[in-house]
Amino acid sequence: MSPQMIDRLGQACLDTLFMVGVSAGIAVLAGIPLALFLVTSEPGGILPAPKANRVVGTIVNGFRAVPFIVLLVALIPFTRLVTGTTIGIWAAIVPLSVSATPFFARIAEVSLREVDGGLIEAAQSIGCRRRHILLHVLLPEALPGILGGFTITLVAMIGASAMAGAVGAGGLGDVAIRYGYQRFDTTVMAAVIAVLVALVCLVQFAGDRAVRRLRAR
Amino acid sequence: MAGLTFDSLRDPARWIARDRPGASAAPALVSAIATRAAGTVRFEAVSKTYLSAAGPVQALDRVDLDVPAGAILGIIGRSGAGKSSLLRTVNRLEAPTSGRVLVDGQPVAALDTDGLVALRRRVGMIFQHFNLLSAKTVHGNVALPLKAAGLPKPEIAARVQEALRLVGLEGKAETYPSRLSGGQKQRVGIARALVSRPDILLCDEATSALDPETTLTILNLLRDINRRLGITIILITHEMSVIREICSDVVVLEKGRVVETGPVWRVFGGPEHPTTRALLEPLSRGLPADLAPRLRPHFTPGAATVLAVTCAGPAGPDLSALVAAAGGPVRLLQAGIERIQGHAVGRMLIALDAAGPDAEDRLRALGGTVERIGYVTADD
Ligand SMILES: Nc1ncnc2c1ncn2[C@@H]1O[C@H](COP(=O)(O)OP(=O)(O)O)[C@@H](O)[C@H]1O
Ligand SMILES: [Mg+2]
């Protein structure tokens with residue numbers, strides 16, 4: 001590989017990390033409240049709102065049903081509204097976040113739902129208000145599961161970010177398509193795959209380790 | 001639990017700092033508050049119907065009940081009789097469908113969110129499966145009620161330490177619950193329930209997940225708490241021995257109704273309702289029908305002690321050894337010996353006219369188990 005190509009690969013790697021990092025941050029900030037809402041607002045939850053629950057649940061499912069590549073295109077007007085542009089890294093971050101948020105929210109929801117109802121009851125019995133229950137019971141007790149779910153989300157996002165080339169955002173997937181596939185440069189293709197595999201392994205390893213730490217308590 | 005100091009909890013100045021109706025800092029009231037006038041519960045025609053998928057389920061049917069301050073009330077009844085439902089109306093984990101629950105004269109249903117939170121700080125609860133937060137240390141678990149109440153950190157630390165000392169877990173503050181034994185977990189549960197200095201403690205099958213020995217230590221702790229802090233305890237159990245061990249009064253529930261209630265000595269001594277008799281049957285198992293109604297849980301002068309003695313060995317029980325160990329007149333009430341795989345296995349009910357604990361120890365030394373069933377008087 002030429003030095004330029006190595007530079008290009010390095011830049012692509014940074015782009016991917018940046019896109020995935022920022023989108024993952026947004027997915028967590030939006031996904032956890034969303035998951036908390038889905039769990040607490042269902043009938044019999046600590047803040048029942050069955051109608052709103054059904055509406056939000058349907059919207060979440062709707063977004064999850066749309067394949068990422070379609071979302072990327074369909075969201076173009078919204079992306080322009082938010083970022084002022086439809087190409088580049090930020091133009092990819094919008095659809096990536098929009099796709100990852102409901103995905104992560106559903107995974108986090110499962111973990112939150114697994115928190116023993118007896119714990120919520122115990123918290124109520126000692127005079128905890130709803131926010132204390134969210135803060136001291138639901139989130140900390142579900143944390144290992146949420147963290148595991150976050151790892152899964154990150155890996156899925158690294159995969160999805162490969163399509164960001166479609167809006168000129170660069171990244172590893174873009175390099176693989178443009179140089180590896182279209183110009184038949186097998187070395188580049190192999191290099192990209194190696195970097196992706198390393199990245200995914202690293203994320204999974206760190207995630208598993210963190211979860212194991214939490215569970216060992 | 002020897003050597004524990006409860007004095008700090010008894011300090012009257014600390015009690016008046018709490019907001020309770022009628023409490024003021026007037027010195028004359030201090031002693032009255034310190035002797036715990038608070039802690040009464042009154043159920044007035046409490047009914048509860050659950051709406052489940054399979055149709056309505058009536059769990060409680062017009063329950064009337066008065067629990068005086070400082071009592072240890074036991075609730076017994078078959079599974080599904082409505083025990084938990086009744087207990088949970090006290091801190092409004094469950095709202096009655098009709099009727100009222102009053103805690104210290106205050107209707108629980110009328111409370112707004114703030115009032116409910118305040119009530120729950122005066123009513124502690126412990127659970128069969130402990131319900132401790134696995135993500136928090138023992139300290140974190142016990143501190144939560146105070147954190148939720150917004151107390152300053154130094155005070156939280158002091159009160160958590162005090163509560164842990166009360167339950168005998170001083171050294172375990174930084175341990176996670178998963179590293180504790182069942183008995184220790186329940187002690188944490190008790191500390192968490194007591195750290196807000198409640199007037200009432202609700203226990204839903206609190207010892208049902210524990211082995212008999214641990215059960216006894218937890219019961220002793222509860223009795224200590226009741227005696228020294230004057231906290232009213234309402235407990236649910238399916239173990240009649242628990243009731244006999246610590247309760248002052250007992251309520252028998254059947255299909256959501258109170259079918260029998262009164263002091264333990266009276267209900268256990270002369271159970272009237274068939275449900276009560278059935279529930280108490282294990283305690284008096286094998287007792288001749290004419291003796292069973294005269295069985296009392298407490299000693300009265302002149303009463304004979306009824307013991308259940310089991311034996312298991314290649315030879316049958318040595319009666320002369322038994323008589324020698326009893327150290328006095330022994331009456332055989334009932335006995336059944338079977339031979340199982342070459343062993344004589346059986347249970348005898350004997351009545352000793354003058355039995356001390358040492359007689360029981362000597363009997364135990366013969367190799368079997370000895371259980372005190374109760375006391376019978378010669379004739380009423
Ligand atoms: N949340 C609930 N929804 C529907 N039915 C319930 C609920 N809780 C209890 N029940 C029913 O109410 C009855 C009394 O239950 P419970 O108070 O738990 O009895 P106990 O504690 O004496 O075993 C049972 O028939 C039970 O199935
Ligand atoms: Mg129950």
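The structure displayed is predicted, hence computed values, not measured ones.

Notes on unusual backbone geometry
Most peptide bonds take the trans configuration, and most residues that are not glycine carry a negative phi.
All names here are of chain B.
And step 1. Positive phi, close to 50 degrees, is recorded for Asp-104, a residue that is not glycine.
And step 2. With respect to the helices, strands and loops of the structure, Asp-104 is situated in the loop between strand 4 (98–103) and strand 5 (106–107).
And step 3. With a relative accessible area of 24%, Asp-104 lands in the partly exposed category.
And step 4. Phi is positive for Phe-130, close to 65 degrees, though the residue is something other than glycine.
And step 5. With respect to the helices and strands, Phe-130 occurs in the loop between strand 6 (123–127) and helix 6 (138–148).

Let's talk about the packing of helix 1 (residues 3–40) of chain A against helix 9 (residues 186–215) of chain A
All names here are of chain A.
And step 1. Taken N-terminus to C-terminus, the directions of helix 1 and helix 9 make an angle of 35 degrees; their axes are 11 Å apart at the nearest point. Considering how the two elements wind past one another, helix 1 and helix 9 form a crossing that is right-handed. Across the interface between the two elements, Met-5, Leu-9, Cys-13, Thr-16 and Leu-17 of helix 1 pack against Val-188, Ala-191, Val-192, Val-195 and Leu-199 of helix 9.
And step 2. In terms of residue class, the contact of helix 1 with helix 9 is built from 9 nonpolar, 1 polar and no charged.

Some remarks on the site of ligand 1
Residues and elements named next belong to chain B.
And step 1. In the vicinity of ligand 1, the contacting residues are Tyr-50, Val-57, Ala-59, Arg-78, Ser-79, Gly-80, Ala-81, Gly-82, Lys-83, Ser-84 and Ser-85.
And step 2. Here an oxygen atom of ligand 1 and a backbone polar atom of Gly-82 are 3.0 Å apart.
And step 3. A distance of 2.7 Å separates an oxygen atom of ligand 1 from a polar side-chain atom of Ser-84.
And step 4. Within the complex, the protein chains bury 61% of what would otherwise be the 560 Å² of accessible surface of ligand 1.
And step 5. For the shell around ligand 1, the elements supplying multiple residues, two or more each, are strand 2 (55–67) and helix 4 (83–88).
And step 6. Looking at the shell around ligand 1 element by element, the count peaks at 3 residues for helix 4.

Overview of the domain arrangement of chain B
All names here are of chain B.
And step 1. Split into domains, chain B comes out as domain 1 (7–279) and domain 2 (292–376).
And step 2. Look at where the C-alpha atoms of domain 1 and domain 2 centre, and you get two points 37 Å apart.
And step 3. With 6 residues of domain 1 in contact, the opposing surface of domain 2 contributes 10 residues.
And step 4. Buried surface at the junction of domain 1 and domain 2, summed over both partners, amounts to about 490 Å²; 52% is from carbon and sulfur atoms.
And step 5. The largest per-residue losses of area from domain 1 upon contact with domain 2 belong to Arg-244, Trp-265 and Gly-269, which jointly make up 84% of the total buried on that side.
And step 6. Applying the counting criterion to the domain 1 and domain 2 interface returns 0 salt bridges.
And step 7. Linking domain 1 to domain 2 there are 1 residue pair in polar contact (both at pLDDT 80 or more).
And step 8. Here the element with the most residues in the side of domain 1 that touches domain 2 is helix 11 (residues 264–269); it accounts for 4 residues.
And step 9. For the side of domain 1 that touches domain 2, the per-class residue count stands at 3 nonpolar, 2 polar and 1 charged.

What counts and what doesn't
Residues numbered from 1 in each chain as written. Chains lettered and ligands numbered in written order. Predicted model: local features only at pLDDT ≥ 70, side-chain atom pairs only at ≥ 80, totals over all residues. Heavy atoms only, no water. Helix = DSSP H or I, 4+ residues; strand = E, 2+ residues; numbered from the N terminus. Buried < 20%, exposed > 50% of the residue type's maximum accessible area, 1.4 Å probe, protein only. Axes fitted to C-alpha atoms, helices over the stretch in contact; angles between N-to-C directions. Left-handed = near helix turned anticlockwise from the far one by under 90°. Contact = heavy atoms within 4.5 Å. Nonpolar A, V, L, I, M, F, W, Y, C, P; charged D, E, K, R; others polar. Near = heavy atom within 4 Å. Polar contact = N/O pair within 3.5 Å; in protein donor to acceptor, adjacent residues only side chain to side chain. Areas by Shrake-Rupley, 256 points an atom, 1.4 Å probe, with all protein chains shown as cover. Domains from an automatic or database assignment. Buried area = accessible area lost by both parts, 1.4 Å probe. Salt bridge = Lys/Arg side-chain N within 4 Å of Asp/Glu carboxyl O.

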